[in-house]
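Residues per chain are reported as follows:
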Amino acid sequence: MITLSIDTKTIQVAPDTNVLKAALDNGIHIPHLCYHPELSISGGCRLCLVEVEGQDQPVLSCGLTAAEGMVIQTQSEQLKELRRGVLDLFISDHPLDCVVCDKAGSCTLQEYAYEYGLKETSYEPTVSSTLFQDDNPFFLRDHQYCILCGRCVRVCDEIVGVHAIDFANRGFETNIATPYDGPMIDSTCVFCGNCVQVCPTAALMPVSRLQRGREWDLDRTLSVCGYCGVGCQIEYATKDDDIIYAQAPEHGTANGPFLCTKGRYGWDFATNPERLKQPMLRRDVAHELGLSEEPWELPETSPLDIRKPNVEQYFVPVDWDTALEFVSSRLSEITESHGPDSIMGLASARCTNEDNYLFQKFMRAVIGTNNVDHCARL
Amino acid sequence: MTNSIREIRDADCIFITGSNTAEAHPVISYEVVRAVKKGAHLIIIDPRRIPLVDHATLFLQPHPGTDIYVFLAMMHVIIREGWMDETFIAERTEDYDAFAVILEGYTPERAALASGVPEEKIIQAARWYALGERAHGESIYGEAHGHSTILYAMGITQRSNGTDNVLTLANLSMLCGQIGKPSTGVNPLRGQANVQGACDVGGLVNVLPGYQQVTDDKLRGETAKTWEVEKLPCNVGLTIVESTHAALAGEVHAIYVMGENPLMSDPNSNHVEQAFRKLDLLIVQDIFPSETAYLAHVLLPAASSLEKDGTFTNTERRVQRIRKVISSPGEALADWAIIADIAARVTQKLDRKPGPEAWKYDSASSIFDELTLVTPIYSGMSYDRLEPSGLQWPCPSETHPGTPILHVDTFARGQGKFHAVEARDPAEMTDEEYPLTLTTGRVLYHYHSGTMTRRSAPLHWREPRGYAEINPQDAEALGLKDGFAVIIHSRRGTVRTKTKISDGVPPGTVFLAFHWREAPANRLTQDHTLDPVAKIPEYKISAIRLENPRAR
């Protein structure tokens, strides 16, 4: 281990740790925009400057490897002025419309502008020549807000491995683009939205989030994705019982701060109007029970061949008691007449342990059969 | 998984087979990409040129169904060259000799003939895996040999010799001592949010919660005692596919389906449909009216996983809390609440002991507490202990920290057993009438039978309709171009879809995902020859023929 001192605090870190990481891991905050703990070092934002004892000039802490006995200062008048200068440049071509910005409250640039007391730029404000691109329903790219930190480029290449975007053009014209600036869908993009997650500003925003409430109005619930078996932790931001957007928590157990496209964007099925909202009995069953007047017969058309399925053509809604009484009577009758092994239960890999536990307990302890399986093989 | 997801990034050599990781388990593919960027070797053995091949340092593309020849030949080479871990074999395993004898006949020459994979690639893969070699950079483990990990999924298991395939991968890992240490192991990537948990808590025909055999009188007696029931059934039950056969034979009269869509997801859909139509009672408890629902007598509306509390167990055996994020629509209820109500009523009607009061649960957490009493691998867990990052089973006591890596000092059965496995051909080989091989699976933007993802607006926008991936050679032979209609015939049925002409599949192989109700892949798959042990259907290999409707 390497021992160094940061702001008079003695810290031990593993060899090859950079000073910024050493500080952040030990609760000492050094401002940074391009650095991300899961990505390679870029050093482009110039904000994480620190003073190193024995060196004349401030040094970028993200690119400085901690060495034995190193003495670091992260706060001083000189550093404050330097950082103010950097931030002044950043906001000179970044709209200061925080009053209407959806990112306000979770924007890192806004946070630092506040911290360093920058209300406006001392330069002539200039706006990026590239406008926003809304070519997909997953996320919006608004280049005016982009500070070219490159986190999105690095996450796309280093973590997701698809390298759909990179820096294009030069100087003030630099922007983040797909090859030839084509639509996202024509690139190698897999719409995982990890670029959105690591973006420190409003340059990349989930479409579902736009104009749906300020950050501080949203409730957050930590849960686990319902799709594949990786078990990514997801933080759902909600307002008035609606999901506004989803993102990975900072330290997801299996997933770190990353997700895939289904986890991040595939939650809207929950509010699809086709959801089953009431128990229902098939029309012939309902007729048999005297709950519907018209006789009915199950059509011979395969459900796979019904062009536009309409559940109401086949079923009538009933109350829970009717449905549960029907189910339990029929299950009891069949158990008695044909024996427990004439009943099969299919549990579910999409239901919880609690659901499945009760399901198999019901089949085994009440019905009396081991005919309980689920889609593990499918 | 024997090991944990976050160890993959530190592996020296990653061996992926039968897993389209970047599409089916994208977040695990991120771990693989990280490892490769740091210098790990990535060996992929797959009939399809899956997206992760872009990052592979070695890609072996066997003909469908011949991968086992490659695995056996790798082990043949490892023994021939002395790359095996003799200490591990001597100290930790048994039945090595019988296994090694069988390998003598599985030379790389033979494998190359059977699979089409060049011998040199088989030898290269064997060396890199056995010795844990890297492409560049240094191993964080600093040992004589690097750490190699095997990742696999349904490409290995959904086969009539799926069990043999898995045993072969286990043999490979033991042969090289690449198990029981960080960034090693045999790691099945499980496909559904709680497929691991559903197995753990007894959603299987042969085991009670915690993998306790139903045929074991003592274990069954203990569970019966905790549940306060007189006795529990002792015969192994029917698996999914067996139950449809039994329904057709008039032996099964009722099926209670919770959160599944067998009409889309089970093999030979036409057969499944006939079976379901014969039932006296089909109960479907789901969040949507699935295709299966249209054959049901009754539909029970359930809460989705976004709408309830509970736990999921992920592929690395980690039990994690899920929480209610939003309310359920209408009168939908959590599955456990529906089951508990039905169970109480049936208990009453059949006059079962200990009576309906036993089915009064006030929360998911009270069910979990009961579950831990009968599930030894979960017995040290509670909702409190699952904060903040869950626990990996086995977790046998309240102070146990969970188990990130299995088989560290000893295997579950004591010594690791080498199984002498021979190669076997798929159940349905191509012939003159059905000259192509169909393989099924998933695409990135959809999940399983599509019930959820096809109702998600952004995912639907990205991948709105089904297609069959066809190699340019096969397409040209039939005059098919990209986006043309194509009809796929198998001995079970016919599916019409659009083509996607792609080098992702080799000549002779067609890929069709099983998400598309308008092109249901499982009308084509066979249900007659299952894996004899796991009873898993051979979704990955069916003989088919293509028809170009324009050529009629």
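Residues numbered from 1 in each chain as written. Chains lettered and ligands numbered in written order. Predicted model: local features only at pLDDT ≥ 70, side-chain atom pairs only at ≥ 80, totals over all residues.

J.: Would you take a moment to explain the overall build of chain B for this structure?
T.: Secondary structure summary: chain B contains 18 helices and 21 strands in total. Against the globule reference of 24 Å for 552 residues, chain B gives a C-alpha radius of gyration of 24 Å, in line with a compact fold. Considering only C-alpha atoms, chain B reaches an extent of 70 × 65 × 40 Å along its principal axes. Sequence separation of at least 24 residues holds for 69% of the intrachain contacts in chain B that already meet a minimum separation of 6. (Helix = DSSP H or I, 4+ residues; strand = E, 2+ residues; numbered from the N terminus. Rg over C-alpha atoms; globule rule 2.2 N^0.38 Å. Contact = placed C-beta atoms within 7 Å.)

J.: Can you walk me through the domain arrangement of chain B in this structure?
T.: Residue and element names in this part refer to chain B. Examined at the domain level, chain B breaks down into domain 1 (5–189), domain 2 (195–392) and domain 3 (436–551). For domain 1 versus domain 3, the separation of C-alpha centres amounts to 28 Å. With 18 residues of domain 1 at the contact, the number on the domain 3 side is 23 residues. At the level of elements, helix 1 (21–24), helix 8 (154–157) and helix 9 (162–175) are the ones that each hand at least two residues to the side of domain 1 that touches domain 3. Taken together, the residues of the side of domain 1 that touches domain 3 sort by class into four nonpolar, 10 polar and four charged. (Domains from an automatic or database assignment. Nonpolar A, V, L, I, M, F, W, Y, C, P; charged D, E, K, R; others polar.)

J.: I keep staring at the domain arrangement of chain A and nothing clicks. Help me out?
T.: Often the size quoted for an interface is simply the accessible area lost on bringing the parts together. According to the domain assignment, chain A consists of domain 1 (2–75), domain 2 (96–216), domain 3 (218–273), domain 4 (276–338) and domain 5 (340–378). Using only C-alpha atoms to locate each centre, domain 1 of chain A and domain 3 of chain A end up separated by 33 Å.

J.: When you look at the sheet that holds strand 17 (residues 467–470) of chain B in this model, what are you seeing that I'm missing?
T.: Adjacent strands of a sheet pair through backbone hydrogen bonds, lying either parallel or antiparallel. All names here are of chain B. In space, the six strands of this closed barrel follow the order 16-20-17-19-18-21, with mixed pairing throughout. Across the sheet, the mean angle separating the axes of adjacent strands is 45° when strand polarity is ignored. One ladder, built from three bridges, connects strand 16 (residues 436–441) with strand 21 (residues 542–547); its direction is antiparallel. Of the residues in strand 21, the one forming a bridge with Leu438 is Ser542. (Pairing = 2+ DSSP bridges. Axes fitted to C-alpha atoms, helices over the stretch in contact; angles between N-to-C directions.)

J.: Which parts of the structure should I look at to understand helix 2 (residues 26–37) of chain B?
T.: Residues separated by three or four positions in an α-helix point in the same direction, a consequence of the helix having 3.6 residues per turn. Look at helix 2 of chain B: 16 Å from first C-alpha to last across 12 residues, which is about the 16 Å you get at 1.5 Å a residue. Counting buried positions over the 12 residues of helix 2 of chain B gives 11, a clear majority of the element. Taken together, the buried positions of helix 2 of chain B are occupied by Pro26(B), Val27(B), Ile28(B), Ser29(B), Tyr30(B), Glu31(B), Val32(B), Val33(B), Arg34(B), Ala35(B) and Val36(B). Against the buried residues of helix 2 of chain B lie helix 4 (151–159) of chain A together with strand 1 (13–17), helix 1 and strand 2 (41–45) of chain B. One or two residues past the end of helix 2 of chain B sits Gly39(B), with phi positive at roughly 120°. (Expected span 1.5 Å × (residues − 1). Buried ≥ 20, exposed ≤ 12 C-beta atoms within 10 Å, placed from the backbone.)

J.: Sorry if this is basic, but what is going on with the sheet that holds strand 7 (residues 139–142) of chain A here?
T.: All names here are of chain A. With antiparallel pairing, three strands are arranged side by side in an open sheet as 6-7-10. Among the strands making up the open sheet, the edge pair consists of strand 6 (132–133) and strand 10 (204–206). Strand direction decides the pairing type here: strand 6 and strand 7, joined by two bridges, are antiparallel. Within the sheet, the bridge partner assigned to Gln133 lies in strand 7 and is Arg141.

J.: Where do I start with the confidence of the model for chain B in this structure?
T.: Segments scoring low in pLDDT should not have their predicted coordinates read at a detailed level. Across chain B, the average pLDDT comes to 97, with 100% of residues at or above 70. Taken together, the chains of this predicted complex give a pTM of 0.97 and an interface ipTM of 0.97. (pLDDT = per-residue confidence, 0-100.)

J.: Would you mind going over the pairing of strand 16 (residues 343–346) of chain A with me for this structure?
T.: Moving residue by residue along a regular strand, the side chains alternate between the two faces of the sheet. Alternating residues of strand 16 of chain A divide into Ile343(A) and Gly345(A) and Met344(A) and Leu346(A), and every residue in both groups is buried. The pairing of strand 16 of chain A with strand 9 (residues 254–258) of chain B spans four bridges and is parallel. Pairing of Met344(A) across the sheet is with Ile255(B), part of strand 9 of chain B. Each parallel crossover has a hand, and the one from strand 16 of chain A via helix 10 (residues 353–367) of chain A to strand 17 (residues 372–373) of chain A is right-handed. (Right-handed = clockwise from strand over helix to strand, strands pointing away.)

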